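Single-letter residue listing:
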Amino acid sequence: MPERRREQPGAIAGTGMGGAMDLAASEATTLEGAPGGPGGAKDTGRPRSLWSDAWRDLRRNPVFLVSALVILFLVLISLWPSAIAPGSPLSCDLAKAQDGPGPGAPFGYDGQGCNVYTRTVYGARTSVTVGVCATLGVALLGSVLGALAGFFGGAWDSVLSRGTDIFFAIPVVLGGLVLLSVVTSNTVWPVIGFMVLLGWPQVCRIARGSVITVQQNDYVQAARALGASPSRILLRHIAPNAVAPVIVVSTIALGTYIALEATLSYLGVGLKPPSVSWGIDISAASPYVRNAPHALLWPAGALAVTVLAFIMLGDAVRDALDPKLR
């Protein structure tokens, strides 16, 4: 009889395909005890989701951390501006008009003798309020209409697509000049309503395309085959997997809406005095920029930093949520 070859324990592991795989016992133990291995300490037994991977990437992204800190600071001073700004933004002294920095006024005074530092701090409240409310309104309206158009299709999809084409043809600034010039209210709500009216078509198209892409996946087809209702399929299976592009676009658009509010206020059709807005302060300081440049540079700088922070945040979120960039 032929001599049977003895195998050392752990030295040879059959592959099941006619070959062999060398694996030492110590190496097998190491793999089993690795953090990501079958017996690792961090193995939770649950599959990693897109959102968990995105959050892990965001925490390691310095662009996200810096922009998030800037936005957090803006939110805090918007909620409690009196904590860091002395006095009232409407308290002015003409005797100090166009004066430079001094005690209690590190940014100097504007043409009406108002404290530029105080008005810049209080102006953050208006910008953050307009940006957040407009973004929520646009995201909600555009997502609902786009999801319904992409899911049901047919005549609803055709009518909505032609409607978005009409809104895309309206210039934003020109539309603001026409629509807001007839509004007499001096609150932020007409400006927010105008932004929602002209901003939803972009989110609608993105949500529609995302829903059309997601509903072609196998798990959606399986839910249909099992008899799930259309509302359950849309809310439980499609919406959670189609919302990522909407979040990315809305985050970037938030900074755009803040800049749009400042532009409309600068042109005199957005917020109007006695409201406090960076656009109003920039408009008021423009005629005497040579004599008192500080009155224009500080609100303009605050506006630029705020818009840049939201755009950077949106770029970081896009990089984290886009699987193609991994």
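Each remark here, short or long, concerns the structure printed above.
Keep in mind that what you see is a predicted model, and the values were worked out from it rather than measured.

Before going further, it helps to examine unusual backbone geometry. The omega angle of the peptide bond from proline 273 to proline 274 is 10°, so this bond is cis rather than trans. Among the secondary structure elements, proline 274 is positioned in the loop between α10 (244-267) and α11 (278-285). Residue glutamine 98 is not a glycine yet carries a positive backbone phi of 65°. One can find glutamine 98 in the loop between α3 (62-79) and α4 (116-152).

Ile258, Leu303 and Leu321 are the most contacted members of the largest nonpolar core, which has 37 residues in total. Mapped onto this core, the elements with two or more residues apiece are α2 (50-59), α3, α4, α10, α11 and α12 (294-321). The element best represented in this core is α12, accounting for 12 residues. Setting aside residues up to four positions removed in sequence, leucine 303 forms contacts with Ile258, Ala259, Ala262, Trp278 and Ile282. Counting 21 residues, the second largest nonpolar core, distinct from the first, contains Val138, Val188, Val203 and Leu260.

Using the criterion set out here, one finds one disulfide in the structure. Each disulfide pairs two cysteine sulfurs, and for cysteine 92 the partner residue is cysteine 114, the sulfurs being separated by 1.7 Å. Every disulfide takes its handedness from the sign of the S-S torsion; for cysteine 92 and cysteine 114 that torsion is 80°, giving right-handed. With cysteine 92 in the loop between α3 and α4 and cysteine 114 in the loop between α3 and α4, this pair connects stretches of sequence that are 22 residues apart. Look at cysteine 92 and you get partly exposed, because its relative accessible area is 37%. Assessed through its relative accessible area of 4%, cysteine 114 is described here as buried.

Cut-offs and rules
Residues numbered from 1 in each chain as written. Predicted model: local features only at pLDDT ≥ 70, side-chain atom pairs only at ≥ 80, totals over all residues. Heavy atoms only, no water. Helix = DSSP H or I, 4+ residues; strand = E, 2+ residues; numbered from the N terminus. Core = buried A, V, L, I, M, F, W, Y, C linked by side-chain atoms within 4.5 Å. Buried < 20%, exposed > 50% of the residue type's maximum accessible area, 1.4 Å probe, protein only. Contact = heavy atoms within 4.5 Å. Disulfide = S-S within 2.5 Å.

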